[in-house]
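Each chain, written out:
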2 protein chains.
Amino acid sequence: MVNYPNGKKNSYHALASSAGGRGMALEKDINETNSRYLEEDLAVIHKKPTPVTIVKVDYPSREHAKITEAYFKLPSTTDYNGIYRGRYVDFEAKECTLKTSFPLKSIHAHQIRHLDAVLRHGAIAFVIVRFTHLGITWFVPAEDMIRYVNETTRSSIPVAWFEEHGVKIPFNYVKPVDYLKILDRLYFEDRQ
Amino acid sequence: MVNYPNGKKNSYHALASSAGGRGMALEKDINETNSRYLEEDLAVIHKKPTPVTIVKVDYPSREHAKITEAYFKLPSTTDYNGIYRGRYVDFEAKECTLKTSFPLKSIHAHQIRHLDAVLRHGAIAFVIVRFTHLGITWFVPAEDMIRYVNETTRSSIPVAWFEEHGVKIPFNYVKPVDYLKILDRLYFEDRQ
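Residues numbered from 1 in each chain as written. Chains lettered and ligands numbered in written order. Predicted model: local features only at pLDDT ≥ 70, side-chain atom pairs only at ≥ 80, totals over all residues.

## Here's the deal with the overall build of chain A
We count it as follows: Secondary structure elements follow DSSP: runs of H or I of four or more residues count as helices, runs of E of two or more count as strands, with numbering from the N terminus. The exposure scheme places C-beta atoms from the backbone and then counts, for each residue, the other C-beta atoms within 10 Å of its own, assigning buried at 20 or more, exposed at 12 or fewer, and partly exposed in between. The contact rule is simple: place each C-beta atom from the backbone, and if two of them lie within 7 Å, those residues are in contact.
A count of helical and extended segments in chain A gives 6 helices and 10 strands. Out of the 192 residues belonging to chain A, those deemed buried represent 35%. Within chain A, contacts between residues at least 6 apart in sequence are counted, and of these 62% link residues at least 24 apart.

Right, dumping it as structure tokens:
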């Protein structure tokens, strides 16, 4: 594993976000947006539960099973999937606390393989990357991200790359990460 | 909640299967089948992780977070989804230890609502029901299951209904629950 400029702490944060509960602003925003989509019957897209290996369960009563020993597992797929306008939709979302680049180790190799596999079968697949200190949330087609990962020798993606390959996701208070708007434009040719 | 003939024990078993680990034969068979589909690049379909609410996490070291208190959550969606031949696929799987009927409370109301929602958006949605003592695994289109649930006053589905609305899922050692064969016939008109 290669170190990157700002030290290890950020990557630890990124890991902790999907696991422990810190730095979950993006996740919260996406969940809120997905709830809206669901309420308005626009799309059915959910976050998958955090994968854990359950080792010990206590049954003090039938209804109240209590897990007393469990461990976080590496996810074998992305965090979000569902259906929009008849198409299978699949994506991963990452927060990045660096200002100049996005560390590639934030996205696991099997997540890249997963995105590649669903694309082969006809999915709309992408990655959402939020640079928290820059206040920008990018939509990146999985095709572009995969190509970069396969061709680069770097351990991170510079911010300038996002300017070229990404689309800024519009923010509004009701739908904080309104990515369906971008799908309409990129995949359904609703160009207005 | 209504009781059904053989007493409550079975339904507890069914619950425990997705949670604690008993009676997971069907889940294991489906996971094995899905792994094969993935290896052969036929489809990308995964089981979602069991949803848990994590309350307490110990961090004895950075790499080894240990969850020491967590609880099972009711799933808000079905257990399985993914993509096949460009279509979004979504299903729930249940084992039934009764010989004469399938208790409706095995499937939660929000799972039925979820199946209904994905159907509206163009999904292939279905339910797999295995009668363990009869040795039969049924494929039931979600449309039929939803119609039954909405129209019935009963608390279970009699076995005879499956004979009429279901399709028996073929078994083979490599793919123990080979449901893609049925999708080909029912949704892609590959009738041989």
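## Some points on the environment of A:Leu26
Residue and element names in this part refer to chain A. Here Leu26 is to be found in helix α2 (residues 25-39). When the C-alpha positions of Leu26 and Thr132 are compared, they lie 8.9 Å apart, and in sequence the two are 106 residues distant. Ignoring anything within four residues of it in the chain, the contact list for Leu26 reads Ala93, Glu95 and Arg130.

## So, the sheet that holds strand β3 (residues 66-72) of chain B
The test is simple: For two strands to be treated as a pair, DSSP must find no fewer than two bridges joining them. Between the N-to-C directions of two axes lies an angle of 0 to 180 degrees, each axis being a line fitted to C-alpha atoms and, for a helix, fitted only over the stretch in contact.
The 4 strands lie next to each other as β2(A)-β3(A)-β3(B)-β2(B), forming an open sheet whose pairing is antiparallel. The sheet is open, and its two edges are formed by β2 (52-58) of chain A together with β2 (52-58) of chain B, each paired on a single side. Averaged over all neighbouring strand pairs, the angle between strand axes comes to 30°, with direction disregarded. Sheet topology places β2(A) next to strand β3 (residues 66-72) of chain A; 6 bridges connect them, and they run antiparallel. Bridge assignment links A:Lys56 to a residue of β3(A), and that residue is A:Glu69.

## Details of the sheet that holds strand β1 (residues 43-47) of chain B
Residues and elements named next belong to chain B. Here we have 6 strands laid out as an open sheet, ordered β1-β4-β5-β7-β8-β10, and mixed in their pairing. Two strands in the sheet have a free side with no partner beyond their single neighbour: β1 and β10 (167-168). Where strand β7 (residues 124-131) and strand β8 (residues 136-141) come together, 6 bridges link them in antiparallel fashion. Pairing of Val127 across the sheet is with Val140, part of β8. Against the sheet, helix α2 (residues 25-39) contacts β1, β4 (80-84), β5 (87-96) and β7, and its axis sits at roughly 150° relative to β1. Taken strand by strand, helix α3 (residues 109-120) contacts β5 and β7, and its axis lies near 155° from that of β5.

## Let's talk about the confidence of the model for chain A
Residue and element names in this part refer to chain A. Here is the rule: Values of pLDDT, ranging from 0 to 100, describe the predictor's confidence in every residue of the model.
Of the residues in chain A, 86% have a pLDDT of 70 or more, and the chain-wide mean is 88. In this model, residues 1-22 is a region of pLDDT below 50 whose contacts with residues beyond four sequence positions or in other chains number 32 contacts. Under the prediction, the complex receives an ipTM of 0.86, its pTM being 0.86.

## Section: the packing of α3(B) against helix α4 (residues 142-151) of chain B
All names here are of chain B. This is how it is decided: Each angle gets one of four labels, with under 35 degrees taken as roughly parallel, over 145 as roughly antiparallel, 65 to 115 as roughly perpendicular, and the rest as oblique. Each crossing gets its handedness from the near helix: less than a right angle anticlockwise from the far helix is left-handed, clockwise is right-handed. Residues are grouped as follows: Ala, Val, Leu, Ile, Met, Phe, Trp, Tyr, Cys and Pro are nonpolar; Asp, Glu, Lys and Arg are charged; every other residue, Gly included, is polar.
Axis separation between α3 and α4 bottoms out at 10 Å; the angle between their running directions is 130°. Accordingly, the angle class assigned to the pair α3 and α4 is oblique. α3 and α4 meet at a crossing whose hand is left-handed. Note on element contacts: α4 touches α3 through Ala142, Glu143, Ile146 and Val149, opposite Ile112, Leu115, Asp116 and Leu119. Residue composition of the contact of α3 with α4, grouped by class: 6 nonpolar, no polar and 2 charged.

## Side note on the nonpolar core
Note the following rule: A set of buried Ala, Val, Leu, Ile, Met, Phe, Trp, Tyr and Cys residues, joined to one another through C-beta atoms within 7 Å, is what we call a nonpolar core.
Counting residues in each nonpolar core, the largest one holds 71 residues, and the members touching the most others are A:Ile83, A:Phe126, A:Ile128, A:Val129, B:Ile83, B:Phe126 and B:Ile128. Per-element accounting of this core gives the leading share, 7 residues, to strand β7 (residues 124-131) of chain A. When residues no more than four places from it in sequence are discounted, the contact partners of B:Phe126 are B:Phe91, B:Phe139, B:Val140, B:Pro141 and B:Ala142.

## Here's the deal with the relation of the copies chain A and chain B
Note the cut-off: In superposing the copies, a least-squares fit is computed on C-alpha atoms, taking residues whose pLDDT is at least 70 in both.
Mapping chain A onto chain B calls for a screw motion: a turn of 180° about the axis and a shift of 0.0 Å along it, with 0.0 Å RMSD after fitting. Expressed as an axis order, the relation between the two copies is that of a two-fold axis. Same-surface contact between copies: 97% of interface residues of chain A are shared with the interface of chain B.

## Re the pairing of β3(B)
Two strands pair when backbone bridges link them, and β3(A) and β3(B) are joined in this way by 4 bridges, in the antiparallel orientation. Opposite A:Lys66, over in β3(B), you have B:Tyr71 as the bridge partner.

## With respect to the interface of chain A and chain B
Each partner contributes residues to the interface: chain A has 33 residues there, and chain B has 33 residues. Looking at the side of chain A that touches chain B, the elements with two or more residues in it are β1 (43-47), β2, β3, β4 (80-84) and α3 (109-120) of chain A. At 7 residues, β3(A) tops the list of elements feeding residues into the side of chain A that touches chain B. Of the residues contributing to the side of chain A that touches chain B, the split by class is 19 nonpolar, 9 polar and 5 charged.

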